[in-house]
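# Descriptive structure summary
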Amino acid sequence: MPLDRRRLITSLPAIGLALAGWGGLRPARAQDPFFFKIGTGTTGGTYFPIGGIIAGAISGPPGLPPCGSAGGSCGVNGLIAIAQASAGSIDNIRRMGSGEFDSGLAQADVAFAAYTGEGPFAGEPPVTSLRAIAHLYSEFVHIAVPADGPVQSVKDLKGRRVSVGTEGSGTLYDTRLILAGYGLKQTDVEEVFERPEPSVDLVVDGKLDAMVMTGGPPLGVITDLAKRRPMRLLPIEGADAEALVAKAPFFTLESIPEGAYDGIPAVPTLSVGAIWLVSAKVPDETVYQITRALWQDSTLALLAAGHPRGKEISAERAVRGLGVPLHPGAARYYAEHAGIGSPTRATP
């Protein structure tokens, strides 16, 4: 990416704050700038770097050369995307519902729960304004414990101090589903609501017995933990795991591959899709152009080079396991350019 454009993209959060009075997303005239806020996740997870790459790729600030030319932009004409750190899936969806975010990354199971008013959204109005742009990649549940500790299985977490993710994170939702699947109540563990980075410090210092995080490997915080203290990842397998997948069909039995973390063998666990959500209020043409920008060869090259999970992102998998309907703008793009069927309702 040319230096001038790189400086502009990296300064976008500051621009968004300085010009907040311009208002949120709005239809643009030719070269008329408008802002598009994308909720990502914590800085130690996968959403934050992936969201930042996408924000840069879909942005089309005024004055740049056209796509295909030296220093050109293949983004949406006039759009300035801002990737914002957040607590994760639940937080992103709630802030989309309030209108603070135009878009956000989330786990497919959390998106479905929000759309239907279940799970962490029980007792709240269903967020039926959620629409999908694309399935991006698979996320894996990591349950990290000290290698020399007594915890050998999920059931051994009973009575232990466990970082279960922050309020507003998909990790917290997944953790409680998994504990329940193994016959443990919330009160059976000492839940610690902490961000991933401080959780690593607590595990290293012996103040936590385990930390859970859902994300695309390799996760920076898990890599950091492995460097600072010998650790293991607990397996999620067997009859309890199979029953959980049957009950929560967004989960898939899949292994974190060997080599994802130095010295850690392949570990059976659960995976769930990471999807890119957008508000139904965003105009169809804007989402059509955003979807077009996402699947440009230049965007895919940036994703593949920028993060290991970026290599998994492809149009062929764009509509699998979404959990919420596709936005009409995205559906039109897939129908015209990818020949992919478009789900119109929320299903596991």
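Up top is the structure these notes are about.
These remarks concern the structure in this document. Because the structure is predicted, anything quoted here is derived from the model rather than measured. (Residues numbered from 1 in each chain as written. Predicted model: local features only at pLDDT ≥ 70, side-chain atom pairs only at ≥ 80, totals over all residues. Heavy atoms only, no water.)

### Quick look at the overall build of the protein chain
Counting its secondary structure elements, the protein chain contains 12 helices and 12 strands. Counting every position in the protein chain, which comprises 348 residues, the buried fraction comes to 53%. When contacts within the protein chain are restricted to residue pairs at least 6 apart in sequence, long-range pairs at least 24 apart make up 72% of them. Working note: accessible area of the protein chain is about 14,200 Å², and carbon and sulfur atoms make up 54% of it. (Helix = DSSP H or I, 4+ residues; strand = E, 2+ residues; numbered from the N terminus. Buried < 20%, exposed > 50% of the residue type's maximum accessible area, 1.4 Å probe, protein only. Contact = heavy atoms within 4.5 Å. Areas by Shrake-Rupley, 256 points an atom, 1.4 Å probe, with all protein chains shown as cover.)

### Digging into the packing of helix α7 (residues 196-204) against helix α8 (residues 220-228)
Interaxial distance between α7 and α8 falls to 10 Å at its minimum, and their mutual angle equals 20°. If you check the angle between α7 and α8, you find them roughly parallel. Of the two elements, α7 crosses α8, and the hand of that crossing is right-handed. Contacts from Pro196, Glu197, Val200, Asp201, Val203 and Val204 of α7 reach α8 at Val221, Asp224, Leu225 and Arg228. Class assignment of the residues belonging to the contact of α7 with α8 gives a composition of six nonpolar, no polar and four charged. (Axes fitted to C-alpha atoms, helices over the stretch in contact; angles between N-to-C directions. Parallel < 35°, antiparallel > 145°, perpendicular 65-115°, else oblique. Left-handed = near helix turned anticlockwise from the far one by under 90°. Nonpolar A, V, L, I, M, F, W, Y, C, P; charged D, E, K, R; others polar.)

### Describing the pattern of salt bridges
Under the counting rule described, the total for this entry stands at 15 salt bridges. Glu197 is paired through a salt bridge with Arg195; the nearest N and O atoms lie 3.4 Å apart. With a relative accessible area of 23%, Glu197 lands in the partly exposed category. For the salt bridge of Asp224 with Arg228, the shortest nitrogen-to-oxygen distance reads 3.4 Å. Of this pair, Asp224 and Arg228 are both found in helix α8, four residues apart, which corresponds to roughly one turn of the helix. (Salt bridge = Lys/Arg side-chain N within 4 Å of Asp/Glu carboxyl O.)

### Quick word on the nonpolar core
Formed by 84 residues in total, the largest nonpolar core has its most connected members in Phe36, Ile58, Ile93, Leu157 and Trp276. A total of nine residues in this core trace back to one element, the largest contributor, which is strand β6 (residues 130-146). One finds Val200, Val203, Met231 and Ile256 within the second-largest nonpolar core, a separate group that totals 18 residues. (Core = buried A, V, L, I, M, F, W, Y, C linked by side-chain atoms within 4.5 Å.)

### Considering the state of the cysteines
Simply put, the disulfide is a covalent bond whose two ends are the sulfur atoms of two cysteines. Under the defined criterion, the tally for this structure stands at one disulfide. A sulfur-sulfur separation of 1.9 Å characterises the disulfide bridge that pairs Cys67 with Cys74. When the S-S torsion is 75°, as for the bridge of Cys67 with Cys74, the disulfide is right-handed. Relative accessible area serves as the criterion here: at 12%, Cys74 is assigned to the buried category. (Disulfide = S-S within 2.5 Å.)

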